Amino acid sequence: MEAPDPRTEAVGPTTHATLPGLPPAWTKRTVLRAKAGAALRRLRLKLAGSRLSVATLGRAPSAVALNVQPDPFPGSVDEANALFQGRYRFAGQLLLSPHQTPWTLGGASAEWQEALHDFHWLRHFSAAGGDAAGRQARMLLDGWLKRYGRFDAHWWRPDLAGRRVMAWVSHLPLLLDGADLPLREALLESLVRHLRYLGRTDKGMAPGPGKVVALVGLALGNLALGQWGRPLARSLRRLDDALSGLVLPDGGLPSRNPSDHLAVLEALVRMREALAAAGQMPSVAFTRALDRLAPALRFFRLGDGRLASFNGGRPGDIARIEQVLALAAPRGKAPGRLPHIGYERVEGRRFALIVDVGAPPPPGHAAEAHTAPLAFEMSSGRDRLIVSCGAAPGLDENWQRVGRSTAAHSTLTLDDQNAWVSVADFDIGLRPSLPAMVTTATRNEADGQVWIEASHSGYGPRLGLVHRRALWLDPEGGEIRGEDRIEPRGRTPGRSLAFALRFHLAPDVRASLTGDGTGILLRTPGGDGWQFRALGGHLALEESVSIANPGPPRRAEQMVVGGSLDAGRVVLRWGLKRLDAKA
């Protein structure tokens, strides 16, 4: 197979332009505005957690009627049995504590500890049922309340506190039936204090999924305590305000992180179920946000049903994704594009491909952003084929830095540098250095074929070069052709630069060079075969690593087209063709 020039194919007149990035753009003015806003929010959170504020959180009323809020997501009896045995597996890490409370365990990752403190695991005990499950759940709750029940600045972070409230109010029978009076009073007091604290931290929370989760927890707590008047109305109004500035017209979120879409949609599904159980209707703004988010979440699913790993996203648990979508919108199709956040999707016969054509996330939403312009991920059948290394959940900062780098994605790197330079900002976290990268993208469709052209200027300020990527896809024929160009923008670097066009393979994909060394044969676990060819550079099969899922890094491989850029210009053409027509 030759790697053809994609532009030799005539693609018809149906053209869509992707919006050129997310407002507000990264400028000196928007950075200063974001820093000032972050400083003000930090001050408000500090005041909400001050000794005086905590002292005025008060106690629970002497008598209150509790209303159980539904947990629409089922638990697992097997998981409950593991917890009975003191086997705590969260975020891919297993810690054993058969004879002591888990609240004092050492050696846990930050994600493991958050999962323990959010109490989502109560649903497993509810699924198991029985007196033993109730006693074990109450014992764990009692240990937490004695240590952190009145307040703890770290474990009462608003988004984590909101998740904890959701869990508590969804499993009140488990926690209260058979509980002695001191435990009942301690739980009720802590729940009331949680709600008062969340009500005070609203303006101290940055816009984003965490704020939505915190406000949903607050509203569910209001429903559980029978506060259906002004407290509930105020919570729902705050939630509407948070959603109106977060969910864009295409259903995308400014962070451009697929996992954030799942977290927000799951929270909204729980809120809608609770309102329905209380005989209340959600607002128009709430319904609009939920209706937009469901197709966007479907957009990010690859053939295995899990999510692509862009911008800090994690593949996630397929059962959880299926449950959220079944409750949000049982029927629906993934859109072909999310123009407001800069992604394109193409589905063909037994394959799906998603390409990132967007700019870096805007101020306040870029903390987990990856430097991966024009990267794509692809599945064949039910298997992942071409991916990124991943976001390193549960691993240390060094691994997370690796996962954010351009070289960890299926795109092109120059001079072994990231496509844009990230700056660690005290106020707003990681952000791109100025001037920020600019992206462009167009999509043409005709006769079932799709042609996508995109570019980014990330290397422009340092090297005076622009990366352009073109993709031609025949969804029915199982063929993908690509062209990556490096072109000068004004001045040229004046020296030879190494380039590497990378295609990271999923860890279970088998790869082998062809006999003549000009191609690579790929085979997925499901038996799908593909052949890769490239022109314009030296083709090699090299080691890679997969850090997409919780747990230790896994060995993987990557296809690399490498060479040197001498005159400020290079053209790389490549192709992927299915070898068998497996039905």
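These numbers were taken from a predicted model, which means no experiment stands behind them.

Quick notes on the rules
- Residues numbered from 1 in each chain as written.
- Predicted model: local features only at pLDDT ≥ 70, side-chain atom pairs only at ≥ 80, totals over all residues.
- Heavy atoms only, no water.
- Helix = DSSP H or I, 4+ residues; strand = E, 2+ residues; numbered from the N terminus.
- Rg over C-alpha atoms; globule rule 2.2 N^0.38 Å.
- Buried < 20%, exposed > 50% of the residue type's maximum accessible area, 1.4 Å probe, protein only.
- Core = buried A, V, L, I, M, F, W, Y, C linked by side-chain atoms within 4.5 Å.
- Contact = heavy atoms within 4.5 Å.
- Pairing = 2+ DSSP bridges.
- Phe/Tyr/Trp six-rings, centres within 6.5 Å; stacked < 30°, edge-to-face > 60°.
- Polar contact = N/O pair within 3.5 Å; in protein donor to acceptor, adjacent residues only side chain to side chain.
- pLDDT = per-residue confidence, 0-100.
- Expected span 1.5 Å × (residues − 1).

A. Fine view of the overall build of the protein chain. In terms of helices and strands, the protein chain carries 16 helices and 22 strands. At 25 Å, the protein chain has a C-alpha radius of gyration in line with the 25 Å of a compact globule built from 583 residues. For the C-alpha atoms alone, the extent of the protein chain along its principal axes is close to 80 × 50 × 45 Å. The buried share among the 583 residues of the protein chain stands at 55%.

B. Up close: the nonpolar core. Core analysis: the largest hydrophobic core is formed by 102 residues, its most contacted members being Trp121, Trp168, Leu265 and Met271. Counting residues per element, this core draws most heavily on helix H10 (residues 209-224), at ten residues. With sequence-adjacent residues up to four places away left out, Trp121 is seen in contact with Leu83, Phe90, Trp103, Ala115, Leu116 and Leu140. One finds Val357, Leu374, Ile452 and Val570 within the second-largest nonpolar core, a separate group that totals 46 residues.

C. Main features of unusual backbone geometry. The phi dihedral of Arg256 falls on the positive side, at around 60°, and the residue is not glycine. Structurally, the position occupied by Arg256 is in the loop between helix H11 (230-244) and helix H12 (258-277).

D. Expanded view of the pairing of strand E21 (residues 554-565). Direction of pairing for strand E16 (residues 497-505) relative to E21: antiparallel, over a ladder of eight bridges. Pairing of Ala498 across the sheet is with Ser564, part of E21. Pairing between strand E20 (residues 538-546) and E21: nine bridges, direction antiparallel. Bridge pairing in E21 links Val545 to Arg555.

E. Main features of the packing of aromatic side chains. Overall, the coordinates contain 23 aromatic pairs when judged by the stated rule. Judged by centre distance (5.6 Å) and plane angle (55°), the ring pair of Phe90 and Trp112 falls under tilted. Taken together, the residues Phe90 in strand E2 (residues 87-90) and Trp112 in helix H4 (residues 110-117) connect sequence positions 22 residues apart. When sorted by exposure, Phe90 lands in the same class as Trp112, which is buried. Here a set of aromatic residues connected by ring pairs shows up, and it is made of Phe84, Trp103, Phe119, Trp121, Phe125, Trp144, Tyr148 and Trp168.

F. The arrangement of the side chain of Ser380 in detail. Note that Ser380 resides in strand E7 (residues 376-380). Within the structure, the side chain of Ser380 is placed 2.9 Å from the side chain of Trp530, a separation counted as a polar contact.

G. Layout of the environment of Val450. Within the secondary structure, Val450 sits in strand E13 (residues 449-456). Sequence-wise, Val450 and Ser380 are 70 residues apart; in three dimensions their C-alpha atoms are separated by 18 Å. Beyond its immediate sequence surroundings of up to four residues, Val450 is in contact with Val346, Arg443, Asn444, Glu445, Leu471, Trp472 and Leu473.

H. Quick peek at the confidence of the model for the protein chain. Model confidence for the protein chain is summarised by a mean pLDDT of 89, while 93% of its residues fall at 70 or above. Ignoring residues within four places in sequence, the model shows residues 6-13, a span with pLDDT below 50, making 22 contacts including any to other chains. Ignoring residues within four places in sequence, the model shows residues 20-24, a span with pLDDT below 50, making 15 contacts including any to other chains.

I. Just the pairing of strand E19 (residues 529-535), in detail. With six of seven residues buried, E19 is to be regarded as a mostly interior element. With five bridges joining them, strand E18 (residues 519-523) and E19 adopt antiparallel strand pairing. When the bridges of E19 are listed, Arg523 appears paired with Gly529. Between the antiparallel neighbours E18 and E19 lie five residues, among them Gly527 with a positive phi of about 100°. Sheet analysis places E19 next to strand E22 (residues 570-578), joined by six bridges and oriented antiparallel. By the bridge assignment, Trp530 is partnered in E22 with Arg578.

J. View of helix H9 (residues 181-201). An ideal rise of 1.5 Å per residue puts 30 Å on 21 residues; H9 measures up with 30 Å between its terminal C-alpha atoms. Where H9 begins, the side chain of Asp180 points an oxygen toward the backbone nitrogen of Leu183, at a separation of 3.0 Å.

K. Local environment of the side chain of Glu479. Relative to the helices and strands, Glu479 is located in strand E15 (residues 479-488). A polar contact of 3.0 Å, which involves the side chain of Glu479, links it to the side chain of Arg481. Those residues within four positions of Glu479 in sequence are excluded, and the remaining contacts are Trp472, Leu473, Asp474, Leu576 and Lys577.

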